[in-house]
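This is what each chain is made of:
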Amino acid sequence: MRHFRNIAVLLSLLFFSGAAIARNAELVNPAPVAVPAGITQEQAVKDIKRALAGRGWVVALEQPGHIESMLNLREHVARIDIKYDARDVVVTYLDSRNLDYKMKNGKASIHRNYLSWIDNITRDIATNMQLSVAEQ
């Protein structure tokens with residue numbers, strides 16, 4: 001009986017440690033978003049900000065060619081850096097709180113929800129810019 005209890009404890013530990021790992025994924029910054037021909041820098045900024053606001057992100061810092069944005073979602077906080085020019089928009093991770101960010105063997109990992117949030121932002125930026133071109 002004791003042997004079965006030890007096995008049960010071991011299996012539960014393996015399950016819960018696996019569940020924690022499954023929540024995380026490798027932190028990979030998304031591919032740059034191409035800026036369509038005909039989009040001015042002013043329009044690109046509007047399209048970026050519209051994408052951020054639509055997903056609950058707040059602009060924390062804005063300079064020409066550069067926006068830092070933050071998302072506060074329940075107890076989670078994520079900060080991203082967005083650099084843009086006439087060719088593309090590049091979104092990179094800055095930092096986070098309560099998103100299980102870890103460095104292991106030279107590779108960063110983070111809660112997979114962060115990756116979904118960033119994917120949504122980059123898709124929304126691309127969509128907004130395409131709509132802006134279509135409206136011209």
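Fair warning: this is a prediction, and the values are worked out from it, not measured in the lab.

## Things to note about the sheet that holds strand β1 (residues 24-26)
On the basis of which strands lie adjacent, the open sheet formed by three strands has the order β1-β8-β7 and antiparallel pairing. Of all the strands in the sheet, the pair left with one neighbour each is β1 and β7 (102-104). Each adjacent strand pair in this sheet contributes to an overall mean axis angle of 35 degrees, direction not counted.

## Remarks on the sheet that holds strand β3 (residues 58-63)
Spatially, five strands are ordered β2-β6-β5-β4-β3 in an open sheet, and the strand pairing comes out antiparallel. The open sheet terminates on both sides in strands that have one partner only, identified here as β2 (33-34) and β3. With five bridges connecting them, β3 and strand β4 (residues 66-73) associate as antiparallel partners. In the sheet register, Q63 faces β4, and the bridge partner there is H66.

## Thoughts on unusual backbone geometry
Most peptide bonds adopt trans geometry, and most residues besides glycine take a negative phi value. Phi at N98 is positive, roughly 60 degrees, even though this residue is not glycine. The residue N98 is located in the loop between β6 (88-97) and β7 in this model. The phi dihedral of N105 falls on the positive side, at around 55 degrees, and the residue is not glycine. Inspection of the secondary structure assignment puts N105 in the loop between β7 and β8 (107-111).

## Considering the packing of aromatic side chains
The geometry of an aromatic ring pair is captured by two quantities: the separation of the ring centres and the angle between the planes. Taken as a whole, this structure holds two aromatic pairs when the rule is applied. Ring geometry for Y93 and Y101: centres 5.1 Å apart, planes at 15 degrees, overall stacked. A relative accessible area of 14% means that Y93 is categorised as buried. Ring centres of Y93 and Y114 lie 5.5 Å apart, and the angle between their planes is 90 degrees; on these two criteria the pair is classed as edge-to-face. Of this pair, Y93 sits in strand β6 while Y114 sits in helix α3 (residues 112-135), and the two are 21 residues apart along the sequence. Take Y93 and Y114: they sit in the same class, and that class is buried. Each residue in the set Y93, Y101 and Y114 is aromatic and connected to the rest through ring pairs, giving one cluster.

## Some words on the pattern of salt bridges
Counted under the stated rule, the structure contains nine salt bridges. A salt bridge links D124 to R55; its shortest N-O distance comes to 2.6 Å. With D124 in helix α3 and R55 in the loop between α2 (41-54) and β3, this pair connects stretches of sequence that are 69 residues apart.

Cut-off values and rules
- Residues numbered from 1 in each chain as written.
- Predicted model: local features only at pLDDT ≥ 70, side-chain atom pairs only at ≥ 80, totals over all residues.
- Heavy atoms only, no water.
- Pairing = 2+ DSSP bridges.
- Helix = DSSP H or I, 4+ residues; strand = E, 2+ residues; numbered from the N terminus.
- Axes fitted to C-alpha atoms, helices over the stretch in contact; angles between N-to-C directions.
- Phe/Tyr/Trp six-rings, centres within 6.5 Å; stacked < 30°, edge-to-face > 60°.
- Buried < 20%, exposed > 50% of the residue type's maximum accessible area, 1.4 Å probe, protein only.
- Salt bridge = Lys/Arg side-chain N within 4 Å of Asp/Glu carboxyl O.

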